[in-house]
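Here's the letter readout for the chains.
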Amino acid sequence: MNYLDQLNPPQREGVVNTEGATMIIAGAGSGKTRVLTFRIAHLMRAHGVDPFSIMSLTFTNKAAKEMRERIEKEVGNEARNLWMGTFHAVFAKILRFECDKLGYPSNFTIYDADDTKSLIKTIVKEMQLDDKLYKPNAVYSRISNAKNSLVSWQEYINNPMYKADDEAANRPMLGEIYKRYVVRCFKAGAMDFDDLLFNTNVLFRDHPDVLHKYQHRFRYVLVDEFQDTNVSQYLIVKKLAAVHQNICVVGDDAQSIYAFRGANIQNILNFEKDFPDCRTIKLEQNYRSTSTIVNAANGVIAKNQGQIKKDVWTANAEGEKIDLISAASDGEEARLIAQGIFESKMQNQWHNQDFAVLYRTNAQSRSLEEALRRANLKYKIVGGLSFYQRREIKDLLAYFRIALNPNDEQAVVRSINLPKRGIGPGTVDKIRVFAAEQSVDLWTALQQCRMYLPGRAANAVDGYVTMIKAMQVDVQKYDAHEAAQKIAKASGLMRELFADKTVEGVSRYENVQELLNAVKEYVDNEENEDKSLDAFLQEVSLLTGVDQAQDDDPDVVTLMTIHMAKGLEFRHVFLTGLEEELFPSTMMMESREDLEEERRLFYVAITRAEQKLTMSYAMTRYRFGKLVNCEPSRFLEEVEPGLLNVAKKSKQVSFGNAAPGGSFDRPSGIGGGFATGTGASGASYAKNLVQRPVPSRKPVPAHKASADFTASNPADLAEGQKVEHAKFGFGNIVQLDRQGAAPKAKVNFDNVGEKTLLLSFAKLRIVE
DNA sequence: TTCAGCAAAGTTTTT
DNA sequence: CTTTGCTGAA
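Residues numbered from 1 in each chain as written. Chains lettered and ligands numbered in written order. Predicted model: local features only at pLDDT ≥ 70, side-chain atom pairs only at ≥ 80, totals over all residues. Heavy atoms only, no water.

## Regarding the pattern of salt bridges
What the rule picks out here adds up to 43 salt bridges. Between aspartate 429 and arginine 432 there is a salt bridge, with the nearest N and O atoms lying 3.9 Å from each other. Taken together, the residues aspartate 429 and arginine 432, both in helix H20 (residues 425-437) and 3 residues apart, mark about one turn of the helix. A residue is classified by how much of its surface remains accessible, and arginine 432, at 16% relative accessible area, is buried. Of the charged contacts in the structure, one is a salt bridge between glutamate 579 and arginine 621, with a shortest N-O distance of 2.7 Å. Taken together, the positions of glutamate 579 in the loop between strand E15 (570-575) and helix H28 (592-606) and arginine 621 in strand E17 (residues 620-623) put the pair 42 residues apart, joining distant regions of the chain. With a relative accessible area of 1%, glutamate 579 lands in the buried category. Sharing partners across several salt bridges, the network here consists of Lys32, Asp224, Glu225, Asp228 and Lys566. (Salt bridge = Lys/Arg side-chain N within 4 Å of Asp/Glu carboxyl O. Helix = DSSP H or I, 4+ residues; strand = E, 2+ residues; numbered from the N terminus. Buried < 20%, exposed > 50% of the residue type's maximum accessible area, 1.4 Å probe, protein only.)

## Examining the nonpolar core
By size, the foremost hydrophobic cluster in this structure holds 54 residues, and its most contacted members are Phe400, Ile431, Leu446, Tyr464, Leu515 and Phe536. Contact partners of phenylalanine 536, with chain neighbours within four places excluded, come to Tyr388, Ala480, Leu515, Ala518, Val519 and Tyr522. (Core = buried A, V, L, I, M, F, W, Y, C linked by side-chain atoms within 4.5 Å. Contact = heavy atoms within 4.5 Å.)

## Some words on the environment of valine 519
Residue placement: valine 519 occurs in helix H25 (residues 503-524). Among the residues examined, valine 519 registers a relative accessible area of 0% and is labelled buried. Each residue touching valine 519, except ones within four places of it in the same chain, is listed here: Ala480, His481, Ala484 and Phe536.

## Focus on the environment of serine 53
For serine 53, the position within the fold is in the loop between helix H3 (32-46) and strand E2 (54-58). Taking the relative accessible area as the measure of exposure, serine 53 reaches 8% and is therefore buried. Residues serine 53 and proline 419, 366 residues apart in the sequence, show an inter-C-alpha distance of 48 Å.

## A few points about the protein's contact with DNA strand B
Near DNA strand B, the surroundings consist of 28 residues, among which Arg261, Arg360, Asn362, Met587 and Phe624 are the closest. Expressed as a percentage, the sugar and phosphate content of the atoms of DNA strand B within 4 Å of the protein is 57%. Arginine 261 places a polar side-chain atom, nitrogen or oxygen, 3.3 Å from a sugar or linking oxygen of DNA strand B. Secondary-structure elements contributing two or more residues to the surface near DNA strand B are H20 and helix H27 (562-565). (Near = heavy atom within 4 Å. Polar contact = N/O pair within 3.5 Å; in protein donor to acceptor, adjacent residues only side chain to side chain.)

## A short note on the UniProt feature "binding site: ATP" (unreviewed entry) in chain A
UniProt marks Ala26, Gly27, Ala28, Gly29, Ser30, Gly31, Lys32 and Thr33 with the feature "binding site: ATP" (unreviewed entry), using the numbering shown here. If you trace the backbone, glycine 27 turns up in the loop between strand E1 (22-26) and H3. The residues contacting glycine 27, other than those within four sequence positions of it, are Asp252, Gln255, Leu283, Lys310 and Val312. Looking at the element boundaries, glycine 31 is found in the loop between E1 and H3. Given the relative accessible area of 22%, glycine 31 is considered partly exposed. (UniProt positions renumbered as here; feature names shortened; annotations may be inferred.)

## Re the packing of helix H23 (residues 480-491) against H25
Following both chains from N to C, one finds H23 and H25 inclined at 160°, their axes separated by 8 Å at the closest point. Here H23 lies roughly antiparallel to H25, going by the angle between them. The crossing of H23 and H25 is right-handed. Contact residues: Ala480, His481, Ala484, Gln485 and Ala488 in H23; Leu516, Val519, Lys520 and Val523 in H25. (Axes fitted to C-alpha atoms, helices over the stretch in contact; angles between N-to-C directions. Parallel < 35°, antiparallel > 145°, perpendicular 65-115°, else oblique. Left-handed = near helix turned anticlockwise from the far one by under 90°.)

## A closer look at the sheet that holds strand E14 (residues 557-561)
Taken together, 7 strands build an open sheet; the order of strands is E13-E14-E12-E15-E16-E11-E19 and the sheet is parallel. In the strand order of this sheet, the two ends are held by strand E13 (379-381) and strand E19 (644-646), each with one partner. Across the sheet, the mean angle from the axis of one strand to that of its neighbour is 25°, orientation sign disregarded. Pairing of strand E11 (residues 322-327) with E19, which is carried by 3 bridges, proceeds in the parallel orientation. By the bridge assignment, aspartate 323 is partnered in E19 with asparagine 645. (Pairing = 2+ DSSP bridges.)

## Topic: the UniProt feature "domain: UvrD-like helicase ATP-binding" (unreviewed entry) in chain A
Feature annotation in UniProt assigns "domain: UvrD-like helicase ATP-binding" (unreviewed entry) to the following positions: residues 5-290. Annotated as 52% helix and 13% strand, the span residues 5-290 places its first and last C-alpha atoms 24 Å apart.

## Quick notes on the packing of aromatic side chains
Under the counting rule described, the total for this entry stands at 22 aromatic pairs. Clustering of aromatic rings is evident, with ring pairs tying together Trp83, Phe204, Tyr214 and Phe218. Above the plane of the ring of tyrosine 258 lies arginine 261, whose end atom (NZ or CZ) is 4.6 Å from the centre. (Phe/Tyr/Trp six-rings, centres within 6.5 Å; stacked < 30°, edge-to-face > 60°. Lys NZ or Arg CZ within 6 Å of the ring centre and 35° of its normal.)

## Describing helix H11 (residues 193-206)
Because an α-helix packs 3.6 residues into every turn, residues spaced three or four apart end up facing the same way. If you check H11, its first and last C-alpha atoms are 20 Å apart, about what 14 residues at 1.5 Å a residue would give, namely 20 Å. Judged by how many residues are buried, H11 sits mostly within the fold: 11 of 14 residues are covered. Within H11, the full set of buried residues consists of Asp194, Asp195, Leu196, Leu197, Phe198, Asn199, Thr200, Asn201, Val202, Leu203 and Phe204. Residues of H11 that are buried sit in contact with helix H5 (87-98), strand E4 (109-111), helix H7 (136-148), strand E5 (190-192), helix H12 (208-217) and helix H13 (231-240). Where H11 starts, the residue carrying a side-chain oxygen 3.0 Å from the main-chain nitrogen of aspartate 194 turns out to be aspartate 192. (Expected span 1.5 Å × (residues − 1).)

## A closer look at unusual backbone geometry
Cis geometry marks the peptide bond from leucine 418 to proline 419, where omega comes out at -5°. Mapped onto the secondary structure, proline 419 falls in the loop between helix H19 (409-415) and H20. The residue after phenylalanine 583, namely proline 584, is reached through a cis peptide bond having omega 10°. By secondary structure assignment, the location of proline 584 is in the loop between E15 and H28. In this structure, glutamate 225 is a non-glycine residue whose phi angle is positive, near 50°. Structurally, glutamate 225 can be placed in the loop between strand E6 (220-223) and H13. The residue asparagine 376 is not glycine, and still its phi comes out positive at about 60°. Relative to the helices and strands, asparagine 376 is located in the loop between helix H17 (365-374) and E13. The exposed category is assigned to asparagine 376, whose relative accessible area is 71%.

Given below as structure tokens:
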């Protein structure tokens, strides 16, 4: 068995000991994916285990796909039959079979974060609560935490501890919101992400026969990235493995970076309690990185108190020192990074794909993108706004959803007046009120609109209902692609987008075409047995940023958040924005645990690098359009100075008296670590650098527009064009900006002076 | 109901 | 800097 020869002793132990409970603590770059793939291959090849009885849970769909491909190489296409995917995807699949037992329709909708937030918003509004206090994000994170800890709304309301907490936070109605939210989702036949796990737990708890079935089906359960599982997830796998006890979890407590989502390192400790005979294996040899990088990472993570003892080491060469770039601004930082990539490419004969630029927040990608574009370096952004989160895509998906589940409230709200059908928010409210008062389905309320709506609105709603009914027929009759095309056409969305000849309009139309292509691809893919639109939608709603179809050109620089980079590796990593308040993030700085999670994030970032690491920070950065002063991150001080190579590129920056071994200049009272203890540390010394003058507002003289005034198509506008505005009179276009989501024109008006107008809002008529 | 125009608020990380 | 939400006019 030659594959066993490719492994070191602990790795081999992890592969061949397939029976019983196993916990593999795998240091960064120690080959845990390799162990996991070989373990599964070994099960199938050496023990003849049926792939249908192996469940392997990963963190992203992409990880699952890669692992499946690697296993396929070992065992052939039988690997297809493995149950492999994210927790959410795998249990959504199981729930589809079983959820009638919980009272859900089998084609239940999955609400994404947008749907969830907008539902919470409407509930808060309906309860007439202060939306400043009950912000959707805050409310949802509270609900989400409850669900991930398996606290139902009943338990939540009855638990005086939660009540006290909420009252202390001035949000006494949270329990009621939780209740209404759950009820509303249930009525809409919808589950949010947390429900997929919560309801799986409910299913297994209340239906022993179902649990029994799956317990016996899955003889082997494997969990990757175990450190990032929450209580809800852990209980599911614990129950599943209770019969055969063949459970293998792989993780690294040092890389736990999802506590904000309910991930619980405690699971690792619980595991040893729940499976007392468990075999614990440590993988400590790092094969990925130079010793410089491994040592730097070790030094950093050693500052954390709570961790499992581990000694990550490497036999790799020392490699280059870690470069540290200090830039005067975020713009300069980006420029120096582009330059750094260019030089590294030349010097090492590396390609674009060998580079990754990592940052803490998505907002940081803008300046980096700009610099890379200017340097002619091809790049891709992983995550951020995914294709399926674009407005036009979500609009069309909303129609798909209604055709399958006409009670999907969020989809109805989204689509009912799009394109404009004369059904405004007032009418929508009336429909909702009727549904609530008569306690009927939303779909029933829509069909009975004549009973409570005035003629004109009722006609409009009737038209909508008729259209949906036709779509429902299409979905039953055709495969996903044909149905999707018919729905896209019938909805009127295509016509509206096609008519829009602006740059953005054209690209939106193309995006919709792209979605239809994706449906086609889905239908043509032999691996997908179920060709219905329903199946396509289920798959799509669980896609993540990393899962997206890669562009045609693989040789590109990768830009992404550190979170997205987990599990990946690159020859040369640039870690940017190492500034107090940004990284570690102010929002995270409420406790020692918070700081330690940020430090683990730093650790993850460092250990992505194979050959070379470059870190950078800027002294000033734009935030909310304001220039803000920044201080170097405390994390920089935690990197052993001997491993650092401070670039001398920027003259504006001094390191104070930072002789080797010294520390960075920092205002007194801040100190290293978290001496001040409060979340406010650091906030005191970041102040606005530039006070921008408030533009004086001139009164706008009235202008009588000509009677036949009509707006020009914004696409026809050009710089230098003479135009007339309905309100401001005549002027010349000084500058056109079609870059952003909202294109703008700067116009110099004869009477009013320069004004910047959003093109979509501008009533500009071209003057010959 | 729709739309232009203006004011205010918002940016952690993700399934 | 962007996006969202409100308001008054048609």
